[in-house]
Every structure is written in C-alpha cells, then in structure tokens.
Amino acid sequence: MTEKSLTNEALSTVTDNYRRLSERIENAKVKAGRTDDVHFMAVTKTVPPEIVNHSVSLGIKLLGENRVQEFLDKYESYDGDYDVHFIGGLQTNKVKYIIDKVSMIHSVDSVKLAAEIDKRAAAAGRIMDVLLEVNIGGELSKNGIPADDVLSLAAEAEQFGNIRVRGLMTIPPVDVNGSSERYFEKMQRLYADLKSQSAGKENFLVDTLSMGMSGDFEKAIVYGSTIVRIGSLLFGYRKY
Ligand SMILES: *Cc1c(COP(=O)(O)O)cnc(C)c1O
C-alpha cells in the first residue's frame, strides 16, 4: 500500500471513531439526564499533525496536549478552529513555553506551579485558566494533590491575580469491575464543595470538571464530567 492510501485509511478510521464516540457521549448524557455541555477533547499525544487537523475538521474544538516538547514540535502545523488545553505533568521551568499557546492548564498540583503560571501569565499580559489536578485514588505513581488538600490549595490560589481557577481534573485508578465510579462520585462531591467555597470570589469561575478517558468516559459523564479527554478510542492504538 502507498503512503497516501495509508493516510486516507487512517483519516477515515478517525472519522468513524469520532461519529461513534460522539454518539456514545450523547447517549451517556441522555442516560444521565443531563442537558448541559460535555466537551469532547481530542488527546493528541503521538498523533501526527495531519491527523490532528483532520479531527479538528470533523468538529472537535478542543485539543489536549500532555508533553511540552512534542506540543512545541507540532503546534505550528496545526490548523483550523480549536483551543488547546495542557493536560500533562508540568515542570515549572516549562511554563514559559506554553503560556501564550494554551487556554487552560489542567494539571496544577502545587502552590509553586500556580505561582509560576501566575508570574508568566502576568508577563504575557493575560489571565490563565487552570484546573487543580486531584490524585483521587491516592496512587504513588500519579501526579495531583490529595482530595483533602483541594480546598486549601484553592484558597492559596486566591492570592494570584493572573490565574483563574475553573475547576478540577483527575485520572482515577484503572477501572476494575466498575471501581472508577466511586472515584468519580468523590470528584463530583469535591467539585461541588469547591464551587460553593469559591462562589463570588474574584479569581474563581468554577464550571469545569475534567474526567473520563477512552475506558471510562461514560461513567464520568454520569458523575458530572464537563470535559472528556479521549485519545486511543479516537486515534487508535498508541505505543505508550
Ligand atoms: C493519554 C491521556 C488521556 C487519554 O487517554 P486514552 O485512554 O487514550 O483515551 C487523557 N488524559 C490524559 C492526562 C492523558 O495523558
């Protein structure tokens, strides 16, 4: 097979996957009795820009990037009408590279990182929207703050005039026999607590709960997710 037809095949696979996933998101919303928005984020790690652009042409408005260097290598080849959110672990010394290229950072898990984002956002003359990342399963291998620290980190974020806290993000433990449900339920409660604690505060606009990936997005929708982050079921098998 020529390279061209391989690409065409890859593109039509993404088209089919997109249709199927959109339908599943819609059905999950109906089942959950929800009429608010659930945004479909395409997670682009390892995916070539031409395929990312194809997903944008299908109607995806939100791209999720989780490696700074890979994003910097690819973003100039992106085109279309989309927003980029940074969703991966973020070292403070890398914030400066993405501050003018993304509209939200989902992975804030320390005051130090919040302070750096605030400083770089101020220098860039903007306000950066952020989510606090919660390690809801308390796993050693994962980034994020413990559930118990959410309200205190949010309170510390009040001092930063150039970030705006929009909500929470999580990657729960791998689902075993439906185990992710209780984590999503915990997140839903934390999110409600954050919302009520921050009501009326200046640099808070809590409207975003980022949870659910290829293996568990329908359950996440039941528990109020507003952004599902989907990689492998949209783009196909990934090596890592
Ligand atoms: C890779 C990744 C996803 C998507 O995972 P899939 O299981 O491939 O859908 C979502 N969120 C984050 C933070 C990721 O790194």
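Source: prediction; values computed, not measured. (Residues numbered from 1 in each chain as written. Predicted model: local features only at pLDDT ≥ 70, side-chain atom pairs only at ≥ 80, totals over all residues. Heavy atoms only, no water.)

1. A look at the nonpolar core
No. 1: Counting 62 residues, the largest nonpolar core has I105, I117, L168 and L234 as its most contacted members.
No. 2: With six residues, helix α7 (residues 180–198) is the single largest residue contributor to this core. (Core = buried A, V, L, I, M, F, W, Y, C linked by side-chain atoms within 4.5 Å. Buried < 20%, exposed > 50% of the residue type's maximum accessible area, 1.4 Å probe, protein only. Helix = DSSP H or I, 4+ residues; strand = E, 2+ residues; numbered from the N terminus.)

2. With respect to unusual backbone geometry
Backbone phi values are negative for most residues with the exception of glycine, while trans is the configuration of most peptide bonds.
No. 1: Positive phi outside glycine occurs at T46, with the angle close to 70°.
No. 2: By the secondary structure assignment, T46 is in the loop between β1 (39–43) and α2 (49–58).
No. 3: Of note in the backbone geometry, N177 takes a positive phi value of approximately 50° without being a glycine.
No. 4: Within the secondary structure layout, N177 lies in the loop between β6 (163–170) and α7.
No. 5: Overall, N177 belongs to the exposed group, its relative accessible area being 81%.

3. Thoughts on the packing of helix α6 (residues 150–157) against α7
No. 1: In contact at an axis separation of 10 Å, α6 and α7 are set at 35° when each is read in the N-to-C sense. Regarding α6 and α7, the two cross each other, and that crossing is right-handed. Here V150, L151, A154 and A155 of α6 come into contact with α7, specifically with L190, D193, L194 and Q197.
No. 2: Tallied by class, the residues present in the contact of α6 with α7 amount to six nonpolar, one polar and one charged. (Axes fitted to C-alpha atoms, helices over the stretch in contact; angles between N-to-C directions. Left-handed = near helix turned anticlockwise from the far one by under 90°. Contact = heavy atoms within 4.5 Å. Nonpolar A, V, L, I, M, F, W, Y, C, P; charged D, E, K, R; others polar.)

Keep in mind these numbers describe shape, not what the thing actually does.
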